[in-house]
Amino acid sequence: MKFGGTSVANIERIRNVAQHVKREVDAGHDVAVVVSAMSGKTNELVAWATETSPLHDAREYDAIVASGEQVTSGLLAIALQALGIQARSWQGWQIPIQTSEAHASARITGIDGTELIKRFKERKEVAVIAGFQGIHEPTGRITTLGRGGSDTSAVAIAAAIHADRCDIYTDVDGVYTTDPRVVPKAKRLEKVAFEEMLEMASLGAKVLQVRSVELGMVHNVPVFVRSSFDKPEDIDPHGTPPGTLICSEEEIMENQVVTGIAFSKDEAQISVRQIEDKPGIAAAIFGPLADASINVDMIVQNVSEDGKYTDLTFTVPASEYNRAKDTITKAKDKIGYKAMDSATDVAKVSVIGIGMRSHAGVAAQAFKALSERNINIRAITTSEIKFSLLIDAAYTELAVRTLHTLYGLDQA
Ligand code: ADP
Ligand code: ASP
Ligand code: MG
């Protein structure tokens with residue numbers, strides 16, 4: 001059972017979580033719980049680190065931000081004990097949850113679940129685990145898994161203790177066709193394939209961290225997204241509560257062509273104008289960006305009319321915008337371009353569905369619908385089960401709603 005920030009936002013909410021855990025314990029299950037920091041806490045800790053020094057040591061950043069989860073794990077253990085349930089808190093290093101050394105975005109490399117399993121067997125003890133954090137054993141330093149990383153902690157723990165299921169309790173009762181906060185008509189999905197969820201998460205649906213979906217897919221852990229706001233006493237632990245199961249494709253009988261729509265405003269566009277249309281130009285632009293570890297997403301190159309000059313447009317995460325511009329400016333002599341334009345008021349809207357594999361013309365419908373709304377498309381990328389469109393950020397909500405209606409998701 002994993003509980004996110006809003007689910008443990010204060011002591012009353014933590015007591016509510018304890019009731020959810022008690023219900024499962026009373027039903028005879030062995031339970032490991034993973035908790036996030038209280039909502040807003042991690043942001044506050046990040047801000048403190050930045051205020052102290054904008055360019056700070058990533059090892060100390062991790063020491064600071066990992067503290068939020070330490071607090072909630074202890075609090076939940078106490079709340080459970082107060083209900084007469086055996087419970088013990090665990091920090092990442094105590095289990096240990098081993099990770100890479102990439103501070104602030106570490107990857108889990110191994111978890112030893114033996115001690116947790118032993119305690120289930122011997123004492124029926126609930127393990128309350130601080131999410132988001134781990135340890136890089138060779139250096140002995142605390143690491144964190146990147147924002148939203150408690151989801152990943154939970155799925156990794158579930159795999160390590162051979163759990164039947166990993167329940168992600170959050171502030172919505174499942175995965176919706178799009179963010180329900182933006183499109184009130186969004187509908188809850190019964191089941192979503194791992195691959196689709198991977199696309200939705202990486203294209204902006206932050207309900208699950210991308211890495212948690214990857215782990216669920218690799219270790220075949222069924223992940224169930226549900227609400228901690230459903231009253232604990234109303235839930236039958238043996239019944240099927242409202243929620244969304246993320247599972248393998250084979251378990252989904254009927255596929256819609258389009259499953260969901262994701263969007264992200266965290267994008268920036270850079271256009272390099274009047275570059276010579278000759279071999280090696282893409283390498284001259286993207287080589288230095290790769291060397292600077294800047295992730296390039298969409299790329300559009302015009303076919304030049306005269307065979308001499310062309311334009312090349314690409315997108316990077318908004319957080320890398322300034323670095324990307326600097327990198328291109330520094331490589332100006334090698335690239336040999338005339339001008340560089342850029343924009344940060346852009347958004348990426350993506351349409352996702354496994355059914356697209358076997359249907360033609362899905363994207364074409366979107367182009368038409370958006371043009372009827374006078375929404376200009378700046379760049380397009382496609383893959384087997386999704387396509388993404390770059391548009392002006394001001395039109396994000398309109399575009400998402402238009403596409404949601406277009407693909408019949410309003411009445412899904
Ligand atoms: P937690 O603190 O529990 O980890 P998050 O804020 O990380 O919760 O994730 C839940 C939020 O994800 C929801 O409140 C919702 O606004 C957002 N969200 C974005 N896209 C979707 C979607 N397709 N389905 C459900 N929620 C979504
Ligand atoms: N508390 C961390 C964050 O806000 C991890 C998480 O909640 O998943 O990013
Ligand atoms: Mg989250």
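Residues numbered from 1 in each chain as written. Chains lettered and ligands numbered in written order. Predicted model: local features only at pLDDT ≥ 70, side-chain atom pairs only at ≥ 80, totals over all residues. Heavy atoms only, no water.

## Focus on the sheet that holds strand 10 (residues 191-193)
The mixed open sheet is built from eight strands, whose spatial order is 3-6-2-1-9-11-12-10. Every other strand in the sheet has two partners, leaving strand 3 (87-90) and strand 10 as the edge strands with one partner each. With three bridges connecting them, strand 10 and strand 12 (residues 244-247) associate as parallel partners. Across the sheet, Lys 191 pairs through a bridge with Leu 245, a residue of strand 12. Sheet strands touched by helix 6 (residues 150-160): strand 1 (2-3), strand 2 (32-35), strand 6 (126-130), strand 9 (166-170) and strand 11 (223-227). Its angle to strand 2, the strand with the most contacts, is close to 165°. (Pairing = 2+ DSSP bridges. Helix = DSSP H or I, 4+ residues; strand = E, 2+ residues; numbered from the N terminus. Contact = heavy atoms within 4.5 Å. Axes fitted to C-alpha atoms, helices over the stretch in contact; angles between N-to-C directions.)

## Comments concerning the site of ligand 2
Around ligand 2 lies a shell formed by Ser 36, Ala 37, Thr 42, Glu 69, Phe 132, Arg 147, Gly 148, Gly 149 and Ser 150. Measuring from an oxygen atom of ligand 2, one finds a side-chain N or O atom of Ser 36 at 2.9 Å. Between a nitrogen atom of ligand 2 and a side-chain N or O atom of Thr 42, the distance comes to 2.8 Å. Looking at the shell around ligand 2 residue by residue, the classes come out as two nonpolar, five polar and two charged. (Near = heavy atom within 4 Å. Polar contact = N/O pair within 3.5 Å; in protein donor to acceptor, adjacent residues only side chain to side chain. Nonpolar A, V, L, I, M, F, W, Y, C, P; charged D, E, K, R; others polar.)

## Here's the deal with the sheet that holds strand 13 (residues 260-276)
The sheet built from six strands is open, its strands ordered 14-15-13-16-18-17 with antiparallel pairing. Sheet topology places strand 14 (299-301) and strand 17 (379-383) at the edges, where each strand pairs with a single neighbour. Between one strand axis and the next, the sheet turns by 25° as a mean value, whatever way the strands run. Pairing between strand 17 and strand 18 (residues 386-392): five bridges, direction antiparallel. Of the residues in strand 18, the one forming a bridge with Thr 381 is Ser 388.

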